[in-house]
Amino acid sequence: MFSKKFVILLICTCFTIQTQAQKVQVNNKPERVNWFQDLAFGMFIHWNVDVSLGAVISHSLAGASNEYVEKYIQELPKYFDPKKFNPTEWAKNAKLAGMKYVVFTTKHHSGFCMFNTQTTPFNVMNTPYGKDITKEIIDAFRKEGIAIGIYFSPEDFNYFHKNNIQIGRLQLPEHFPANNKGLMDYDKKQLKELLTNYGKIDILFIDGPGDGLREYAWSLNPELVITRDIMTTPEQNTPDEPMARPWEACYTMGTDWQYKPTNDPHKSGTEIINMLVEIRAKGGNFLLNVGPKQDGELQIEQQSLLQEIALWNFANAEAIHEVKPLSVVREDNIWFTQSNDEKYIYAIVQRSGYEDWKYGTRKNFVLTHIEGNANTKVSILGYKSELVEYKKDFDAKIYTAPTNIGLVVSAVNGQRFYTNNQWKNAVVLKIENAKFRKLNTPKASQSNIDGAK
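Since this is a predicted model, take the numbers as computed values, not measurements.

Considerations on the UniProt feature "domain: Glycoside hydrolase family 29 N-terminal" (unreviewed entry) in the protein
- Mapped onto the present numbering, the UniProt feature "domain: Glycoside hydrolase family 29 N-terminal" (unreviewed entry) falls at residues 25–317.
- Summarising residues 25–317: 34% helix, 12% strand, and an end-to-end C-alpha distance of 34 Å.

Description of the sheet that holds strand β12 (residues 362–367)
- An order of β12-β16-β15 is seen for the three strands of this open sheet, with the pairing classed as antiparallel. In this open sheet, the two strands that pair with only one neighbour each are β12 and β15 (399–403). Strand-to-strand twist of the sheet, defined as the mean angle between neighbouring strand axes without regard to direction, takes the value 15°.
- In terms of strand pairing, β12 meets strand β16 (residues 406–412) through six bridges, oriented antiparallel. By the bridge assignment for β16, K363 is matched with A411.

Digging into the pattern of salt bridges
- Counted according to the given criterion, the structure contains 23 salt bridges.
- Residue E235 pairs with R228 through a salt bridge whose shortest N-O separation is 2.9 Å.
- Among the residues examined, R228 registers a relative accessible area of 13% and is labelled buried.
- We note a salt bridge from R416 to E389, for which the minimum N-O separation is 2.8 Å. Highlighted residues: R416 in the loop between β16 and β17 (427–432) and E389 in the loop between β14 (377–380) and β15, separated in sequence by 27 residues.
- Residue R416 is classed as partly exposed on the basis of its relative accessible area of 30%.
- Members of the salt-bridge network, linked through shared partners, are K29, R32, D202 and E223.

Comments concerning the packing of aromatic side chains
- For the coordinates displayed, the defined rule picks out 21 aromatic pairs.
- On the numbers, 5.1 Å between centres and 70° between planes, the contact of F85 with W90 is edge-to-face.
- When its relative accessible area of 11% is taken as the criterion, F85 is described as buried.
- Taken together, the ring pairs connect W47, F80, F85, W90, F112, F122 and Y129 into an aromatic cluster.
- For the cation-ring pair, K391 lies above F394, with the distance from its terminal atom to the ring centre recorded as 4.7 Å.
- Directly above the ring of Y344 sits K430, whose terminal nitrogen or CZ lies 4.2 Å from the centroid.

What counts, and where the lines are drawn
Residues numbered from 1 in each chain as written. Predicted model: local features only at pLDDT ≥ 70, side-chain atom pairs only at ≥ 80, totals over all residues. Heavy atoms only, no water. UniProt positions renumbered as here; feature names shortened; annotations may be inferred. Helix = DSSP H or I, 4+ residues; strand = E, 2+ residues; numbered from the N terminus. Pairing = 2+ DSSP bridges. Axes fitted to C-alpha atoms, helices over the stretch in contact; angles between N-to-C directions. Salt bridge = Lys/Arg side-chain N within 4 Å of Asp/Glu carboxyl O. Buried < 20%, exposed > 50% of the residue type's maximum accessible area, 1.4 Å probe, protein only. Phe/Tyr/Trp six-rings, centres within 6.5 Å; stacked < 30°, edge-to-face > 60°. Lys NZ or Arg CZ within 6 Å of the ring centre and 35° of its normal.

Pasting the structure below:
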């Protein structure tokens, strides 16, 4: 027979263990997810020791010969010395472009650590540069008020090579930390360094199997928002239909994540702005990548694209930040978002070119999903709708009329951005004191009499 004290002690012990188990965090905190969704737009930065070759980041190691792998690990760190690296400029470019968070590749699949680590000599401190690039990037972006995110690969090709495991991605049980205690311990040590040595980290992008690691990360920082591994994060693709929130679309500016020196064709600024509009209308976040060169500079093409995005954002930021999707995301070339407090609806008018609603001309719209009233007000973000430069006695006012078929709007495109007036990016109508309605179209029946078809 057990003593009464023993039984009580046993019950208390079981209760304590159960309570501790219940406290294990298994998901992002809802309020932190809401915060993340309002960030809207972020900068992804892919940069690794193989940038000196202009190679695909890390993946050239998969299936490579032992000679190639050894040469990669032993030789490439000797060439990493980005003398033109200026994270302050990166951060300012991101801030102007409307990016409110950054995600930096602290460790990609190669296993090369872009931070000061005690786990491996294969890190940025053992290069001619010899400084903690992760710290410099975090400090610069944090100074601009940009939320800090880190990319981390649980799979580690350097670790695989040192432990005689074939290099690949998710092809062997040993590639999964949950099946490989040595890899799990190794990853946890690195995550602890990243999550405790650089101040508060806001976002973690786990690019690989996160079982055991996500829980460990939350134990260090419960406020951490984990994106990939928890959220849907499509690459180079936007879903045709809105997905359940939260989700994040990840895109390159060109065709590769890391710097590609061989005539890499880049998207236009208009394409990227239109992608941002579509992703936000569908309720997602947009993580847009830059790939710094081996000397630490951003490519001129990417700097130019960031500036074009910045110009658009300067006038139109409120249409994409702190907004939510509506039940219908678009009418033809017009995309909709709504402010979180539901006071405003934004109708974002995409244009096929600068001649589509030319500068200084009037255009009429029927927004069938907007129910207006006598108090409905429409304005254009960034434009006062009073004067058009160099035009005298020109009527630039906005006219609105609520009708049974929707809200009729007549407006002039009068915001001048280019000397030749060939700015071709989206114009945003801000609508207040109106309701959004989802139209119920009755099914029509077709007559079957002869000649009806």
